[in-house]
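Read off the chains here:
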Amino acid sequence: QVQLVESGGGLVQPGGSLRVSCAASGIIFSIQRMAWYRQAPGNQRELVAAITSGGSTTYKESVKGRFTISRDNAKNTVYLQMNTLNPEDTAVYYCNADVQSRALGPIRGYWGQGTQVTVSA
């Protein structure tokens, strides 16, 4: 089994910054793609940013230049640095990871429990 635990959410004023983290633990042979999604009330969950095991990144258009995704493979952890936040960024942020638990084994997707990010004056 694999667990993803997010941390770092909270309340921030417009224009402020926040960093959220997600640590994977359990039976892990390798982690492929890691990503951050978010879901605001009444909206569908959407991809915010993703990073491959090799470090290639993709971003939702509206966060480009403001958000940075990174990972520490030694710690099985992914980060999302969020700058110049605005109220439209308010959502529950979820971590997602594609994990292989043994060599030549299947790759399964796992989700964290989510962390609330609220941008408000």
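Please refer to the structure higher up on the page.
Conventions we followed
- Residues numbered from 1 in each chain as written.
- Predicted model: local features only at pLDDT ≥ 70, side-chain atom pairs only at ≥ 80, totals over all residues.
- Heavy atoms only, no water.
- Helix = DSSP H or I, 4+ residues; strand = E, 2+ residues; numbered from the N terminus.
- Buried < 20%, exposed > 50% of the residue type's maximum accessible area, 1.4 Å probe, protein only.
- Pairing = 2+ DSSP bridges.
- Axes fitted to C-alpha atoms, helices over the stretch in contact; angles between N-to-C directions.
- Disulfide = S-S within 2.5 Å.
- Phe/Tyr/Trp six-rings, centres within 6.5 Å; stacked < 30°, edge-to-face > 60°.
- Lys NZ or Arg CZ within 6 Å of the ring centre and 35° of its normal.
- Salt bridge = Lys/Arg side-chain N within 4 Å of Asp/Glu carboxyl O.
- Contact = heavy atoms within 4.5 Å.

### Section: unusual backbone geometry
Only a minority of non-glycine residues have a phi that is not negative, and only a minority of peptide bonds are not trans.
So, point 1. A positive phi angle is found at N76, which is not glycine, with a value near 50°.
So, point 2. If you trace the backbone, N76 turns up in the loop between strand 7 (67–72) and strand 8 (77–82).
So, point 3. On the accessibility criterion, N76 (23% relative accessible area) is partly exposed.

### Topic: the sheet that holds strand 3 (residues 18–26)
So, point 1. Strands sit in the order 1-3-8-7 across an open sheet of 4 strands; the sheet is antiparallel. The outermost strands of the open sheet, each flanked by one partner alone, are strand 1 (2–7) and strand 7. Taken pair by pair, the neighbouring strands of this sheet meet at an average axis angle of 15°, ignoring direction.
So, point 2. Looking at chain direction, strand 1 and strand 3 are connected through 6 bridges and run antiparallel. When the sheet's bridge partners are listed, L4 is paired in strand 3 with A24.

### Section: the state of the cysteines
Covalent bonding between the sulfur atoms of two cysteines is what defines a disulfide.
So, point 1. Using the criterion set out here, one finds 1 disulfide in the structure.
So, point 2. Paired through a disulfide, C22 and C95 show a sulfur-sulfur distance of 2.1 Å. An S-S torsion of about -80° defines the bridge between C22 and C95 as left-handed. Of this pair, C22 sits in strand 3 while C95 sits in strand 9 (residues 91–100), placing them 73 residues apart in sequence.
So, point 3. For C22, a relative accessible area of 0% gives the class buried.

### Overview of the packing of aromatic side chains
Given two aromatic rings, one states the distance between the centres and the angle between the planes to describe the pair.
So, point 1. Per the stated rule, a full pass over the model turns up 1 aromatic pair.
So, point 2. A cation sits over an aromatic face here: R45 above Y94, 3.7 Å from the ring centre.
So, point 3. Here R45 stacks its cationic end above the ring of W111, 4.7 Å away from the centre of that ring.

### Details of the pattern of salt bridges
So, point 1. A full pass over the atoms with the stated rule returns 5 salt bridges.
So, point 2. A salt bridge links D89 to R38, with the shortest nitrogen-to-oxygen separation between them at 3.0 Å. Residue D89 is found in the loop between strand 8 and strand 9, and its partner R38 is found in strand 4 (residues 30–39); the two are separated by 51 residues along the sequence.
So, point 3. Residue classification places R38 among the buried residues on the basis of a relative accessible area of 5%.
So, point 4. Linking E61 and K64 is a salt bridge whose minimum nitrogen-to-oxygen distance equals 3.1 Å.
So, point 5. Judged by its relative accessible area of 61%, E61 falls in the exposed class.
So, point 6. One salt-bridge network, held together by shared partners, links R38, E46, K60, R66 and D89.

### Brief notes about the environment of A50
So, point 1. With respect to the element layout, A50 can be found in strand 5 (residues 46–51).
So, point 2. Residue classification places A50 among the buried positions, given a relative accessible area of 6%.
So, point 3. Along the chain, A50 and L80 lie 30 residues apart, while their C-alpha atoms are 9.7 Å from each other.
So, point 4. Leave out the neighbours within four places in its chain, and A50 touches R33, M34, A35, S56, T57, T58 and I69.

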